[in-house]
Amino acid sequence: MLEFVFLTITLATPLILGAMGGYTSERGGVINIGLEGLMLMAACITALVSPGQGPVVGLLAGIASATFLSLLHWLATQHYRIDQVISGMAINALAAGGTNFLYGKFNDPSRVGGIPALPDDLYKYSAFLLPFALALYVQRSRGGLRLLAVGSDPDKARLMGVAPIRVRLLGLLATGVFTGLAGAMLVSETGVFTDNMTAGRGYIALAALILGGWRPIPTFLACVAFGFFSALRLRLQGTPILGAELPSEVWASLPYVVTIIALAGFLGRNRTPAGLGKH
Amino acid sequence: MNWRLPALIVGILAVLFVALTLAKVNPIDVVTTLLKGSLGTPAAISATLRETTPLLILGLAVFLALRAGLFNIGAEGQFVVGALAGTAVILRIPGPAGIVLGMLFGALFGALWALPAGWIKAYRNGHEVITTIMLNNVAALMTTALVAGPFKDPKQGSPTTAVIDPSSRIPNLYSNPPVNLNATLLLGLLMALGLAYWLRKTVAGYELQAVGANSTAARFAGVDPRRVTLRAMSASGGIAGLAGALQVMAFEGRFYANFSPGYGFNALGVALLAGGNPLGVLPASFLFGMLEKGGTSMQISGVPKGLTTVLLGMLILIAAAIRYRRVRVVA
């Protein structure tokens, strides 16, 4: 039983970190479908740097790489006014192709053993504290309220003297850091990097953000729920339910299906930040 | 303001150059391998055109939605759903009747798979990008489950359907292996022409573009943007599903797990690169086909294929920056 709780926590951690990265971006009005790419890039760079430079430098390099892509998203959407969805798609392509290229060229295949990593607990504690810290920050601090203002109505924020472009820069920096942690966590947990190892976790994090109505604590709970169902899936694999064995793909689809139902407005009112996607 | 676009292009090229230098890859070699691999021999051109075909039809699907102001990121999912539905029909009904029914069922299931996204966008104000991303993931998982279960060929070890009957194959216009030219490419060309005509010369096409340009203005002009959105999304999904069924009948001959190597995502790049004209989809899909085929040759010469995906991402950013360059910047 306790083991099952731990499994849930392990599976939920990268989702929470990724979703909080999505929060600081989207709550400021920047649509971010590039979470998957940011996590993947961070995982790859962490895996490449850690063996030679140690896990601390590896983690920092991973965070730096995700932040680099996140700043590219800021530059593309805020300076060049490229549509936020297109920029996100491009970043996912850059990350998917870039990690394939970098890992293929720079990984030393003669290395034995796993990738050195920081203890998983570090990531788990940060993931479980972060949503509460963010909720507090956003509701109680000047910077947080500015993020809300910019995400709700960038024009009104401008009239109040808040420059959306600067607030969003900070938001996307945080996105880079949090998704960087999420990617590094995947490497530290598995001890390897494989092509496309995020396997949709960035999209599930996005789904959790939507289900949580773009609020930190409900989003956190959605991530834990998704982690719980993944754990259940791993545990029930091969066990027949009601006489038939459910393919694991049906379980895996659950977060996506629930999100579609939520978007259809069947699970409470639409809480999309009013300024999402606006300049 | 004129320096901004050149700065982006120079910056992107600089990052690419540094990455290639660090990896000890000669950029000139990369370009020559890409060109030789995709256009160097008649066989290479033939393979490039094969890669171009699904990208052309999917590009048209995404383009249609884009003209209505919708991002159909779901083309990937509609493509695989259409491919599996088409295969299921063709396996039971061989011959020309099977080809027609397979195409119809592919289009029908593609349209049905796009329907929730269109409906949620039109009537529930939920962003189509998010719904289509979610539907893509469900489509990938569900088709994998189905092809490992009910639709699996029991004689095969891996999750794949049986091979379709030779009589339900779409014929080649010209065949002298390894050089082949399949009739599906011609169909794609005709579809591009048809779409160009439909958008410019019919009321429905005009209404669709009116909604895409300014849905509020369209509503005041008596167009119901919600119905247009729903129809545009379903039509886009239908074309994407048709592309899936055609891919089975023209090239693959069966459906298997992980059927699409990301055609649906590349199609978004094709549609963006095409600009405002459906005929622009033709050169754009050929360029993407070249990168896909040339990338395989590059992989053989020891440069990971991911590099072409990076090139695609950079192309998309540059094309989008050009497209949005007239937008005024406010701090």
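Our structure's up above, just so we're on the same page.
Source: prediction; values computed, not measured. (Residues numbered from 1 in each chain as written. Chains lettered and ligands numbered in written order. Predicted model: local features only at pLDDT ≥ 70, side-chain atom pairs only at ≥ 80, totals over all residues.)

### Considering the overall build of chain B
Point 1. The helix and strand tally for chain B stands at 13 helices and 2 strands.
Point 2. By the compact-globule yardstick of 20 Å for 331 residues, chain B fits well, its C-alpha radius of gyration being 21 Å.
Point 3. Projecting the C-alpha coordinates of chain B onto the three principal axes gives extents of approximately 60 × 60 × 35 Å.
Point 4. Considering only contacts within chain B whose residues lie at least 6 apart along the sequence, 76% involve residues at least 24 apart. (Helix = DSSP H or I, 4+ residues; strand = E, 2+ residues; numbered from the N terminus. Rg over C-alpha atoms; globule rule 2.2 N^0.38 Å. Contact = placed C-beta atoms within 7 Å.)

### Here's the deal with the overall build of chain A
Point 1. If you tally the helices and strands in chain A, you get 11 helices and 0 strands.
Point 2. Reading chain A from its N terminus to its C terminus gives the helix and strand order α-α-α-α-α-α-α-α-α-α-α.
Point 3. Compactness check: chain A gives a C-alpha radius of gyration of 19 Å against a globular reference of 19 Å for 279 residues, within 12% of the reference.
Point 4. If one aligns the C-alpha atoms of chain A with their principal axes, the spans along those axes are about 55 × 50 × 30 Å.
Point 5. Taken across its 279 residues, chain A has 53% of its residues classed as buried.
Point 6. For chain A, contacts bridging at least 24 residues in sequence account for 80% of all contacts bridging at least 6. (Buried ≥ 20, exposed ≤ 12 C-beta atoms within 10 Å, placed from the backbone.)

### A closer look at the interface of chain B and chain A
Point 1. The interface of chain B with chain A comprises 42 residues on the first partner and 40 residues on the second.
Point 2. Ranked by residues supplied to the side of chain B that touches chain A, first place goes to helix H6 (residues 128–148) of chain B with 12 residues.

### Side note on the pairing of strand E1 (residues 172–176) of chain B
Both faces of the sheet carry side chains from a regular strand, because those side chains alternate between them.
Point 1. With 0 of its 5 residues buried, E1(B) lies for the most part at the surface.
Point 2. Counted between consecutive antiparallel strands, the loop separating E1(B) from strand E2 (residues 179–182) of chain B contains 2 residues. (Pairing = 2+ DSSP bridges.)

### Some thoughts on helix H13 (residues 306–323) of chain B
Point 1. Between its first and last C-alpha atoms H13(B) spans 26 Å; for 18 residues at 1.5 Å apiece the expected length is 26 Å, and the two agree.
Point 2. Burial analysis of H13(B) places 14 of its 18 residues in the buried class, which makes it a mostly covered element. (Expected span 1.5 Å × (residues − 1).)

### Looking at the packing of helix H2 (residues 35–53) of chain A against helix H4 (residues 84–106) of chain A
Residues and elements named next belong to chain A.
Point 1. Where H2 contacts H4, the axes come no closer than 8 Å and their chain directions differ by 15°. On the basis of the axis angle, H2 is roughly parallel to H4. H4 is crossed by H2, and the crossing has left-handed handedness. Here Glu36, Gly37, Leu38, Leu40, Met41, Cys44 and Leu48 of H2 lie close against H4, whose contacting residues are Ile91, Asn92, Leu94, Ala95, Ala96, Gly98, Thr99, Leu102, Tyr103 and Phe106. (Axes fitted to C-alpha atoms, helices over the stretch in contact; angles between N-to-C directions. Parallel < 35°, antiparallel > 145°, perpendicular 65-115°, else oblique. Left-handed = near helix turned anticlockwise from the far one by under 90°.)

### Regarding the environment of Gly149(B)
Residue and element names in this part refer to chain B.
Point 1. With respect to the secondary-structure elements, Gly149 resides in the loop between H6 and E1.
Point 2. The exposure class of Gly149 is exposed, given the 12 C-beta atoms found within 10 Å.
Point 3. In sequence terms Gly149 and Leu84 are 65 residues apart; their C-alpha atoms lie 13 Å from each other.

### Description of unusual backbone geometry
Residue and element names in this part refer to chain B.
Point 1. Backbone torsion omega between Pro177 and Pro178 reads 5°, so that peptide bond is classified as cis.
Point 2. With a phi angle near 55°, Asn125 is a residue other than glycine that sits in the positive phi range.
Point 3. As for its placement among the helices and strands, Asn125 is situated in the loop between helix H5 (95–124) and H6.
Point 4. The exposure class of Asn125 is exposed, given the 12 C-beta atoms found within 10 Å.

### Brief notes about the environment of Gly212(B)
All names here are of chain B.
Point 1. By the element assignment, Gly212 lies in helix H8 (residues 203–213).
Point 2. Under the C-beta neighbour-count criterion, Gly212 is labelled buried, with 20 such atoms within 10 Å.
Point 3. Sequence spacing of Gly212 and Leu70 is 142 residues, and the spatial spacing of their C-alpha atoms is 7.6 Å.
Point 4. Once residues within four sequence positions are removed from consideration, Gly212 is found in contact with Arg67, Ala68 and Gly69.

### Quick notes on the environment of Phe251(B)
Residue and element names in this part refer to chain B.
Point 1. Structurally, Phe251 can be placed in helix H10 (residues 225–252).
Point 2. In this structure, the C-alpha to C-alpha distance between Phe251 and Thr184, residues 67 residues apart in sequence, is 9.4 Å.
Point 3. Not counting the four nearest positions on each side in its chain, Phe251 is found in contact with Arg50 and Asn182.

### What to know about the packing of helix H9 (residues 201–211) of chain A against helix H11 (residues 248–263) of chain A
Residues and elements named next belong to chain A.
Point 1. Look at H9 against H11: their axes get within 9 Å of each other, and the N-to-C directions meet at 35°. At the point where H9 passes H11, the crossing takes the left-handed sense. Between H9 and H11, the contacting residues are Ile204, Ala207, Ile210 and Leu211 on the first element and Pro255, Tyr256, Val258, Thr259, Ala262 and Leu263 on the second.

### Here's the deal with the pairing of E2(B)
Point 1. As judged from the 4 bridges shared by E1(B) and E2(B), these two strands associate in the antiparallel manner. Residue pairing for E2(B): Asn176(B) is matched across the bridge by Val179(B).

### Quick notes on helix H11 (residues 263–273) of chain B
Point 1. Burial analysis of H11(B) places 11 of its 11 residues in the buried class, the great majority of the element.
Point 2. Every buried residue of H11(B) is accounted for by Tyr263(B), Gly264(B), Phe265(B), Asn266(B), Ala267(B), Leu268(B), Gly269(B), Val270(B), Ala271(B), Leu272(B) and Leu273(B).
Point 3. Summarising the contacts, the buried residues of H11(B) are in contact with H4 of chain A together with helix H3 (42–67), helix H4 (75–92), H10, helix H12 (281–300) and H13 of chain B.
Point 4. Immediately beyond the C-terminal end of H11(B), within one or two residues, lies Gly275(B), with a positive phi of roughly 75°.

### Describing the nonpolar core
Point 1. Within the largest apolar cluster, 192 residues are counted, with the highest numbers of intra-cluster contacts made by Ala208(A), Leu58(B), Leu60(B) and Ala61(B).
Point 2. A total of 14 residues in this core trace back to one element, the largest contributor, which is H10(B).
Point 3. Those residues in contact with Ala61(B), other than ones at most four positions away along the chain, are Asn72(B), Ala75(B), Ser236(B), Ile239(B), Ala240(B), Ala243(B) and Ala267(B). (Core = buried A, V, L, I, M, F, W, Y, C linked by C-beta atoms within 7 Å.)

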